[in-house]
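Each chain, letter by letter, is given below.
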Amino acid sequence: MGRTVLIMSALQLSFLPLKEPLGFIKVLEWVFSIFSFATCGGYSGKTELVVTCVNTTYPDNKTIQASFMYPFRLYNYVFEGIGDKFCGEPWPAFHLTGDYSSPSQFYVAIAVLAFLYCIGALVLYLGYWQLYQSTSKLTLIDFIFTVIFAFLWLVSASAWAKGLTDVKTATSPQNIAEYHCKPPIKCNPGMESHMGSLNISVAFGFLNLILWAGNAWFVYKETNLHKPPPSHIEEGHGNIPPPSSM
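As named in an unreviewed UniProt entry, the protein is Synaptophysin 1, taken from Pelobates cultripes. The Sequence similarities (unreviewed entry) field of the UniProt record for the protein holds the comment "Belongs to the synaptophysin/synaptobrevin family." One UniProt comment on the protein, placed under Subcellular location (unreviewed entry), says "Membrane".

Shown next as structure tokens:
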């Protein structure tokens, strides 16, 4: 109870830290983390094929579509648009292939954690700025977490960039038509899903890397690693007490 009262008594709301790079960059990190998980986690698209029966007895020609979305477990999605039979034969379930959930979910998880950490850091900056500057443990913890997040953004953005390349390859109508359709069925590529938002998510990932790496320097300047605490000089010279007056 006493600790809670002490924390509440230290609360002094001030927006001055937002005028400094430390606070301003933290706001940018908060905003860009939202864009990162929103552009990736909110994506849905579809790929399309035009299937034709090579056998002239069944001159069927139909368009089939497979919808897919985050987290890109593509093997769960089936091409739809054909009934039970096609080209005089039973039509089997035609799935997309591949599972790219690991890099996408890892990327979104880092974005969400960064978002939450930014909220906590901004509460600390705006409400307890004096306490933050005067407590060496808080600045050091902030520095360590900032460096960790910079590294995690590097890893997650790189992994998701590779994963996105694989998603594009696996959902490309040209590739599906070339490698997955066999006689008596001929496939032609149809419309391809636009992945502009996913490209933007990768860009935001590397932008977050730059922001967190740059912010690490400003947080480092607040720690005792950069500016050691002022030493307390004892009265007199060294450990010799001053002569007492008679």
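Turning our attention to the overall build of the protein. Counting its secondary structure elements, the protein contains 7 helices and 5 strands. Each helix and strand of the protein, ordered N terminal to C terminal, gives the series α-α-β-β-β-β-α-α-α-α-β-α. Taking contacts inside the protein between residues at least 6 apart in sequence as the whole, the part at least 24 apart equals 75%. Of the roughly 14400 Å² of accessible surface on the protein, a fraction of 65% belongs to carbon and sulfur atoms.

Empty space among the atoms becomes visible once a probe the size of a water molecule is rolled across them. Scanning the model with the defined rule gives 1 cavity of 30 Å³ or more in all. Lining the largest cavity are F94, H95, L96, T97, A170, I176 and H180. Classifying every residue of the lining of the largest cavity gives 4 nonpolar, 3 polar and no charged.

Quick look at the pattern of salt bridges now. Taken as a whole and judged by the stated rule, the model has 2 salt bridges. For the salt bridge of K162 with D166, the shortest nitrogen-to-oxygen distance reads 2.9 Å. Here D166 and K162 lie together in helix α5 (residues 136-171), a separation of 4 residues that amounts to about one turn. By relative accessible area, D166 is classed as partly exposed at 22%.

Let us now look at the UniProt feature "transmembrane region" (unreviewed entry) in the protein. In the numbering used here, UniProt assigns the feature "transmembrane region" (unreviewed entry) to residues 106-128, 140-161 and 198-220. Here residues 140-161 is 100% helix and 0% strand, with 32 Å between the C-alpha atoms at its ends.

Omega for the peptide link from Y70 to P71 comes to 15°, which places this bond in the cis form. Examined against the element boundaries, P71 turns out to sit in the loop between β2 (61-69) and β3 (85-86). Unlike most non-glycine residues, F72 shows phi in positive territory, near 70°. Summarising the element assignment, F72 is placed in the loop between β2 and β3. Among the residues examined, F72 registers a relative accessible area of 0% and is labelled buried.

Whether parallel or antiparallel, the strands of a sheet pair through hydrogen bonds between backbone atoms. Taken together, 3 strands build an open sheet; the order of strands is β2-β1-β5 and the sheet is antiparallel. Every interior strand has two partners, whereas the edge strands, β2 and β5 (185-189), have only one. Looking at each pair of strands side by side, their axes are set apart by 30° on average, direction ignored. Where strand β1 (residues 44-53) meets β5, 5 bridges bridge the pair, whose relative direction is antiparallel. Within the sheet, the bridge partner assigned to V51 lies in β5 and is C187.

Our next topic: the pairing of β1. Bridging between β1 and β2 involves 9 bridges; their strand directions are antiparallel. Across the sheet, the residue bridging to V51 is K62, located in β2.

What follows concerns the packing of helix α3 (residues 101-127) against helix α7 (residues 196-222). Helix packing geometry: the angle between the two helix axes and the distance between the axes. The N-to-C vectors of α3 and α7 enclose an angle of 35°; their axes lie 12 Å apart at closest approach. Handedness of the α3/α7 crossing: left-handed. Listed contacts from α7 to Y107, A114, Y117, C118 and Y125 of α3 are S201, V202, F204, G205, W212 and V219. Considered class by class, the residues forming the contact of α3 with α7 number 9 nonpolar, 2 polar and no charged.

About the thresholds
Residues numbered from 1 in each chain as written. Predicted model: local features only at pLDDT ≥ 70, side-chain atom pairs only at ≥ 80, totals over all residues. Heavy atoms only, no water. UniProt positions renumbered as here; feature names shortened; annotations may be inferred. Helix = DSSP H or I, 4+ residues; strand = E, 2+ residues; numbered from the N terminus. Contact = heavy atoms within 4.5 Å. Areas by Shrake-Rupley, 256 points an atom, 1.4 Å probe, with all protein chains shown as cover. 1 Å grid on protein atoms, 1.4 Å probe; cavity = no way out; pocket = protein on both sides within 12 Å on 5 of 7 lines; lining within 4 Å. Points joined across faces, edges and corners; volume = space filled by probe spheres on them. Nonpolar A, V, L, I, M, F, W, Y, C, P; charged D, E, K, R; others polar. Salt bridge = Lys/Arg side-chain N within 4 Å of Asp/Glu carboxyl O. Buried < 20%, exposed > 50% of the residue type's maximum accessible area, 1.4 Å probe, protein only. Pairing = 2+ DSSP bridges. Axes fitted to C-alpha atoms, helices over the stretch in contact; angles between N-to-C directions. Left-handed = near helix turned anticlockwise from the far one by under 90°.

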